[in-house]
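# Chains, contacts and geometry: an overview
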Amino acid sequence: MALRLNASAIFFGTVVQSIWPHSLWAQTQSPEPENDRLLEEVVVTGSRVIRSALDSPSPVTVYDAQVLLANGITTMDDFARYLPQNTDNFSDSMATTSPFRGSAAFNLRGIGLDGTLTLVNGRRVAPFGASADSSPFVDINAIPVAAIERIEVLKDGASAIYGSEAVAGVVNIITKQQVDGFTVEGGYLGNSEGDGSEWDIAFTGGWSNKSTRVTGTLSYFSRDIIWSRDRDFAGDVDFSGRGGYNQRSSGSSPPTATGLDEDFNFLYRLPDPACGTNPDIANADIAVPGEFGTCRFNYAYFTTMQNPSDRLGLTASMSHDFGDKLQFFGEVLYSNNQTESILAPTPLFNYDTTANHPDNPFGDFLSLRLRALDAGDRFLDTDVTTWRALAGLRGQWAGWQWEAAIVRSESEAKVQRFNAILQEEFQEALLGRGGPGGDQFYNPFGVDPQNSQEVLDQFVVSNAEESQGSTETTLDFQISGNAGSLPGGPIGMAFGAQARQQEVTQSADEILLNGKLASGASFDPVNADRDIWSVFAEFVLPLHETFEVQAALRYDDYSDFGSTTNPKIGLGWRPVQEVLVRATWGTSFRPPTIRNLYDPYIEQFTTVFEDPHRCGISNDPQDCFGRDVLGTFQGNPNLQPDEGETQLLGIAWEPTFADGLTVQLDLWQIEHEDRVLDTSTYPLEDFLLEQLDPFTNPFTERAPQSAEDIELGIPGPIQSLRDTWVNGGRVDTNGVDFDLNHVLDTNGGGTLTTNISYSYLNEYEFGSDLLGISVNEDLSGGYGFNSALPKHRANFRVGWLRGAHGVSALLAWADDFESFRNLVVDQRETDTPFVVDSYAQLDLQYSYTFSRLNNGQLRVGCRNCSNEDPPVHNASNLVEPFHEGRGLLWYLRWSQPFGR
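First, a word on scope: everything that follows refers to the structure included in this document. Keep in mind that what you see is a predicted model, and the values were worked out from it rather than measured. In this numbering scheme, every chain counts its residues from 1 along its sequence in written order. pLDDT decides what is reported in this predicted model: residues at 70 or higher carry local features, side-chain atom pairs at 80 or more are listed and counted, and totals for whole chains, interfaces and linings draw on all residues regardless. Note that the side-chain values use all heavy atoms of the structure and ignore hydrogens as well as water.

Every helix listed is a DSSP run of H or I at least four residues long, and every strand listed is a run of E at least two residues long, numbered separately from the N terminus. Each helix and strand in the chain was counted, giving 11 helices and 48 strands. The globule rule puts the C-alpha radius of gyration for 900 residues at 29 Å, and the 29 Å found for the chain is close to it. Projected onto the principal axes, the alpha-carbon positions of the chain cover approximately 95 × 60 × 55 Å. A buried classification covers 59% of the 900 residues belonging to the chain. By definition in these notes, contact holds between two residues if any of their heavy atoms fall within 4.5 Å. In the chain, the proportion of contacts linking residues at least 24 apart, taken out of those at least 6 apart, comes to 70%. When the accessible area of the chain is evaluated, it comes to approximately 35300 Å², of which 53% is carbon and sulfur surface. Asp and Glu are treated as the negative residues and Lys and Arg as the positive ones, with His and the ends of the chain left uncounted. Here the site of a charge means NZ on Lys, CZ on Arg, CG on Asp, or CD on Glu. Of the charged side chains in the chain, 59 are positive and 122 negative, and the gap between their average positions amounts to 7 Å. For this measure, only C-alpha atoms enter the radius of gyration; the expected value for a globule follows 2.2 Å times N^0.38, where N is the number of residues. Think of it in three bands: with a 1.4 Å probe and only protein chains considered, a residue is buried below 20% of the maximum accessible area for its type, exposed above 50%, and partly exposed in between. Accessible surface area values rest on a Shrake-Rupley calculation with a 1.4 Å probe, where residue burial reflects the displayed protein chains alone.

So, in structure tokens, the structure goes:
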């Protein structure tokens, strides 16, 4: 395994102060004699064979409910943003047109949102409805934190065990299965800025007797709005004062006007003379005086940094024993998440008005880039319902344990758009054919124009709706036990089969289906499905009392593209009882999504900021400063699955001379090839535009060459960009994980717990090979597809518990990273990287347990207690997932048990 690590990086990994997780090793320490130290044998995530958790060759880290409470975590998004191995992720409060609003996901190692398999109690959940097109992921916000018993994170590929998506690892969320009594818990979170408060309440209860166990949780969570303009770092996208470009939009109010002569030839592009009257909202950016300029609109002023959100969650489980060898079990999960995203008024490009418009300050026929401020901010209300139901039987037969279950789950995301613009009706109003009589002009000129409501009513709509859903039905059977023996002990075996059906749907009302909205894609309904048949086998071979081999093999057959077979080998060696040396190798796969294959044809306008084959030769400002073109997109039915290979080498140490101390060090590497790529992905689209022959590039369509173009030897102007999904991407990434856990009983002074969790990203090489053109870039310490990829991330936690009192402190640290934009000086990007500084966040908590109140517990704490702002970025006003942008957060939480 070729990990390219330097000595200083490894040394840093052993001394950096940061992590908080319990590992399985951390939970196995015990004062018992060495020969009695093994835990009860269980099924550990990453294996289907019953065994001791101490002997698994794959690294599994466990976070129990008490760890979540001690860190003030109330949503799964909070948990994900702290996890050092969870990288290149997104925030659940993105104020964008992204369909992921309100959701959260795991992205271990940054392989992709669909490169981490998320399970609930060891079984799948349908992907978040609006993610099924490109990166299907499980919305972990659908799982109430109050219902969680523990979270097991397998930091190793496991397609041979679980099938698709387990490229970078598996996160298995275990819910509470047996609770006796009833507990009410809830809390309030505020911040130093006085906005964006949160509150939640949860009811957990259960009942059991000798044969039956019933447990349920009902929870509610509410989060208030934070406006981007109320944070200095988020309220403007003009980065020219901090080493970047002015990224304010050319779709502005006042408008940007392109003057055309009577033959529609380009004359000039200039801002409305009123542009800059309110510099917080717009400024005039002049590239060529009198010829080329833009009114730059600060759309961030109108957006939310934190979206208001309300979530209702329900879980229930039940099991019943029919004698000693047969048990029925069932589970129900339900979640409803309502999130509102507020954006600036719709950007409107290439809308025309005549020279005789009564408010036209230019006196020419104009093509406008504008926004209708008086139409109001855009609102996108997202309503996501997720449910999952499971029923199964488990039992024993001839010394073997078997289990069979049927699972049905569904996630549907409904989006309603408010204050959207009908493009044809808006164009008519600009030409003086608006209003109920068809004889009124819409006035877009000047500062904050106010048109009559009857004109606005002709083109503003608030009833455009769309729905995206995914459904998964699974029937599985597995059996495990021992058969025969080797010198090290009995041979463990597990066998199983699985049948799955996946369905994806997309529907919309007539307005969206017919492409009537401005700046909105037109699309067709989707209703597609696939069938998947799988068989697997796993063996645990104790070749010696100190040496064990884990071997697994899985075969999956997909109805839409074919089959795939994936093996895995794991080795565990104990040179001494307190040390485990482990190594694993395996292959993995990630199938093309149903919508990768069958996405319908859509159209929308996009901007080519620079044409590398014309700029510098044509002297046409549009070739260098931006040309609006048609963008088209369609699925690709010829796609094949991604393929991955995972390698890991590690050591786990539980010294006998230091009770309560466990240490783990793992070197990991993932090679992921034939990745399905969107050809519009940055920087791939720009690279292909530059490198491919402009006359034969299949992803661009150009106008015929003019006589002048032929004389200059350049192609015609770009008219449209053609995007689709293609196999051809790759990611090679490797790094180091270091975990330390120490529990010290001071014999009267309380219990002191120290946790360190550190992840070093040595390399993250992104590349592609398309049409003979190759691109390769190491993004570690830079920027990924969703967020930054710092080389170093770590958490350091200290907790103290004595009697009724508890104190915890967590320091979460992320290294600096290079922006995706180099330092910009005088509106020119230099070769000097712009470095976004490192960030450290301190969280503190105090808890007190009231024994006289049936062990009711009060928790008081703060997150980002030093009120650190996110570091300065030169190209983005969005907060990185591992940065805190809300300010100093303080919270109060109360938990009250009853009937215990």
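A few words now on the pattern of salt bridges. Any Lys or Arg side-chain nitrogen located within 4 Å of an Asp or Glu carboxyl oxygen qualifies as a salt bridge. Counted according to the given criterion, the structure contains 35 salt bridges. Note that arginine 124 is salt-bridged to glutamate 165, the shortest N-O span being 2.6 Å. With a gap of 41 residues between them, arginine 124 in strand 4 (residues 123-124) and glutamate 165 in the loop between helix 4 (159-162) and strand 6 (169-175) connect regions that are remote in the sequence. Across the pair, glutamate 165 and arginine 124 agree in class, each one buried. Residue aspartate 739 is joined to lysine 155 by a salt bridge in which the shortest nitrogen-to-oxygen separation is 3.2 Å. Of the two residues, aspartate 739 is situated in strand 35 (residues 718-745) and lysine 155 in the loop between strand 5 (148-154) and helix 4; the sequence distance between them amounts to 584 residues. On the basis of relative accessible area, aspartate 739 is assigned to the buried category, the value being 5%. With a relative accessible area of 4%, lysine 155 lands in the buried category. One connected set of salt bridges, linked through shared partners, spans Arg81, Glu198, Arg223, Glu884 and Arg886.

Quick look at the pairing of strand 25 (residues 489-508) now. The side chains of a regular strand alternate between both faces of the sheet. Paired strands, in this sense, are two strands between which DSSP finds at least two bridges. Two elements, strand 24 (residues 464-486) and strand 25, share 19 bridges in a ladder whose sense is antiparallel. Looking at the pairing, glycine 469 lines up with threonine 505 of strand 25. Two successive antiparallel strands, strand 24 and strand 25, enclose a turn made up of two residues. Judged from the 15 bridges that link them, strand 25 and strand 26 (residues 526-544) form a sheet pairing that is antiparallel. Among the inter-strand pairings, glutamine 506 is bridged to a residue of strand 26, identified as valine 526.

The next subject is the pairing of strand 21 (residues 400-418). The pairing of strand 20 (residues 378-397) with strand 21 spans 19 bridges and is antiparallel. By the bridge assignment, leucine 393 is partnered in strand 21 with alanine 404. Following strand 20, the chain reverses through two residues before pairing antiparallel with strand 21; alanine 398 in that reversal takes a positive phi of roughly 55°. Bridge count for strand 21 against strand 24 is 17 bridges, and the pairing is antiparallel. Bridge pairing in strand 24 places arginine 417 opposite alanine 464.

A few words on helix 5 (residues 423-430). When we look at burial in helix 5, the residues that qualify are Phe426, Gln427, Ala429 and Leu430. Projected down its long axis, helix 5 carries its buried residues within an arc of 160°, all on one side. Elements in contact with the buried residues of helix 5: strand 18 (347-353), strand 19 (365-371), strand 22 (420-421) and helix 6 (453-456). Looking one or two places after helix 5, you find glycine 432, whose phi comes out positive at around 90°. Starting at the helix axis, one direction is taken to each C-beta atom, and the arc is that of these directions.

Judged by nonpolar contacts, the single largest core of 47 residues is most densely connected at Met76, Phe79, Phe106, Ile151 and Ile173. For isoleucine 173, the contacting residues outside a window of four places in its chain are Met76, Thr118, Leu119, Val120, Asn121, Ile140, Ile143, Ile148, Arg150 and Ile151. Put simply, buried Ala, Val, Leu, Ile, Met, Phe, Trp, Tyr and Cys residues joined by side-chain atoms within 4.5 Å make one nonpolar core.

Attention now goes to the state of the cysteines. For this text, the term disulfide refers to a pair of cysteine sulfurs within 2.5 Å. Summed over the entire model, instances satisfying the criterion amount to three disulfides. For cysteine 275, the disulfide goes to cysteine 295, at an S-S distance of 2.1 Å. On the sign convention where negative means left-handed, the S-S torsion of about 90° between cysteine 275 and cysteine 295 marks this disulfide as right-handed. Residue cysteine 275 is located in the loop between strand 12 (266-271) and strand 13 (282-288), and its partner cysteine 295 is located in strand 14 (residues 292-297); the two are separated by 20 residues in the primary sequence.

This part covers the environment of leucine 512. Within the secondary structure, leucine 512 is located in helix 7 (residues 510-513). For the pair formed by leucine 512 and glutamate 466, sequence separation is 46 residues and the distance between their alpha carbons is 7.6 Å.

Right, let's talk about the packing of aromatic side chains for a bit. In this scheme Phe, Tyr and Trp rings, the latter by its six-membered ring, pair at centre separations within 6.5 Å, and the angle between planes marks the pair as stacked below 30 degrees, edge-to-face above 60, and tilted otherwise. If you walk through the whole model with that rule in mind, you get 26 aromatic pairs. Their ring planes at 55° and their centres at 5.8 Å tell us that tryptophan 653 and phenylalanine 657 sit as a pair that is tilted. Using a relative accessible area of 63% as the deciding quantity, one classes phenylalanine 657 as exposed. Any Lys NZ or Arg CZ found within 6 Å of a ring centre and within 35 degrees of that ring's normal is scored as a charge over the ring. Over the ring of tryptophan 668 we find arginine 109, and its NZ or CZ is 4.1 Å from the ring centre. Over the face of the ring belonging to phenylalanine 329 we find arginine 394, whose NZ or CZ atom lies 3.9 Å from the ring centre.

It is worth spelling out the environment of leucine 648 at this point. If you trace the backbone, leucine 648 turns up in strand 32 (residues 642-653). The buried category is assigned to leucine 648, whose relative accessible area is 3%. Considering only alpha carbons, one finds leucine 648 and tryptophan 585, 63 residues apart in sequence, at a separation of 6.6 Å.

Another aspect to go through is helix 10 (residues 684-691). All of the buried residues along helix 10 are Leu684, Phe687, Leu688 and Leu689. Summarising the contacts, the buried residues of helix 10 are in contact with strand 30 (602-608), strand 33 (661-678), strand 34 (700-702), strand 35, strand 36 (751-770) and strand 37 (773-778).

There is a patch of nonpolar side chains on the surface, built from Phe182, Phe203, Leu218, Leu312, Leu314 and Phe898 and spanning about 470 Å² of accessible area. Mapped onto the elements, phenylalanine 182 comes out in strand 7 (residues 181-191). Overall, the relative accessible area of 35% leaves phenylalanine 182 in the partly exposed class. Think of a patch as exposed residues, more than 30% relative accessible area, with no salt bridge, where like charges cluster within 9 Å and nonpolar side chains (Val, Leu, Ile, Met, Phe, Trp, Tyr) cluster within 5 Å.

Okay, a negative patch on the surface next. Judged by side-chain charge, Glu193, Asp230, Asp232, Glu868 and Asp869 come together as a negatively charged surface patch. Following the sequence through the fold, aspartate 869 ends up in the loop between strand 47 (856-863) and strand 48 (889-898).

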